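Next come the chains, spelled out residue by residue.
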Amino acid sequence: MTPSSDKFYSARIVERRDISDDLWVIRVDPGGEYKFVPGQYSTLGVVAPEKHYERAYSIASAPHEKFLEFFVELVPKGDVTPRLYPYQVGDEFTLRKIAKGRFTLDTTSGRTNHLLLATVTGVAPFVSMVRSLDHQWKDAKFKGEHKLFLLDGASRSWELAYREELQHFAAEVPWLTYVPTVSRPWEDKTWRGETGRIDDLVRKYTDSWGLTPENTSGYLCGNPSMIEDTKGILKRRGWERAAIKEEAFFIPGKELAVSQ
């Protein structure tokens, strides 16, 4: 079964970075012109004899970068990741030519603070946003009028695949505040940073950062339970539905579910 070249590129892996046994980052040559807005997702596919399997994955790279980048988690019962997991540099898979999604930075509401809440691979769209804004910042096309506050959660520190990069950005620019947190510190004895789940920390940090429903938009990306819990917390603290965007990832038995 060969997908139509009218709708699909044959994307090729140019770099692979294994984060853990079930997490990895790939950079790919899309195979043609590929336009997207930070926060959007691509649809990746693997052709098997019986079927063409596809799932959506948030883009971690920024639009100005040559290659697309994806942060992927192995879902043992999923359709795509068990088939994609063995792929190495030089291997190819299908890529729909059009990026989709509305999980993008809201710059028109008047709210200039942006609370970004992520678990594991859910950080990918926020990495894209930060890289893009940094590129515009260096080109004097972004003046820092929008402030990003990112809480990045994982069970253990080595699952925070972009921690060093984001810490570097946060140290260099005034518009990004970044806090990584680990929810299982007993399994990560050398960790000296913040501990706790995102939903345990959202009240603490919205208060300490001075984020209010009037001045802040919320963006929730990652595990569905984190999204439901933090969405409930934000709503009880006065955030309206229109001020919250969400994108749910892992669902048992499936892979990425885009929910906006």
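Residues numbered from 1 in each chain as written. Predicted model: local features only at pLDDT ≥ 70, side-chain atom pairs only at ≥ 80, totals over all residues. Heavy atoms only, no water.

Q: Account for the overall build of the chain, with residues named and values stated.
A: Within the chain, the regular secondary structure consists of five helices and 12 strands. Counting only C-alpha atoms and orienting by the principal axes, one finds that the chain spans roughly 55 × 45 × 35 Å. Looking at the 260 residues of the chain, the share that counts as buried comes to 54%. Of the contacts made within the chain by residues no fewer than 6 positions apart, 73% connect residues no fewer than 24 positions apart. Carbon together with sulfur atoms contributes 48% to the accessible area of the chain, which is approximately 12100 Å² in total. (Helix = DSSP H or I, 4+ residues; strand = E, 2+ residues; numbered from the N terminus. Buried < 20%, exposed > 50% of the residue type's maximum accessible area, 1.4 Å probe, protein only. Contact = heavy atoms within 4.5 Å. Areas by Shrake-Rupley, 256 points an atom, 1.4 Å probe, with all protein chains shown as cover.)

Q: Break down the packing of aromatic side chains for me, with residues and values.
A: Enumeration over the complete set of coordinates arrives at 10 aromatic pairs. Judged by centre distance (6.2 Å) and plane angle (85°), the ring pair of Phe 103 and Tyr 219 falls under edge-to-face. Linking Phe 103 in the loop between strand 6 (92–96) and strand 7 (113–119) with Tyr 219 in strand 11 (residues 216–222), this pair joins segments that are 116 residues apart in sequence. Residue classification places Tyr 219 among the buried positions, given a relative accessible area of 1%. With centroids separated by 4.9 Å and ring planes inclined at 45°, the aromatic side chains of Tyr 205 and Trp 209 adopt a geometry described as tilted. In this pair, the class of Tyr 205 matches that of Trp 209, namely buried. A connected cluster of aromatic rings, assembled from ring pairs, spans Phe 103, Phe 126 and Tyr 219. A cation over an aromatic ring shows up here: Arg 17 above the ring of Tyr 162, its NZ or CZ 5.7 Å from the ring centre. (Phe/Tyr/Trp six-rings, centres within 6.5 Å; stacked < 30°, edge-to-face > 60°. Lys NZ or Arg CZ within 6 Å of the ring centre and 35° of its normal.)

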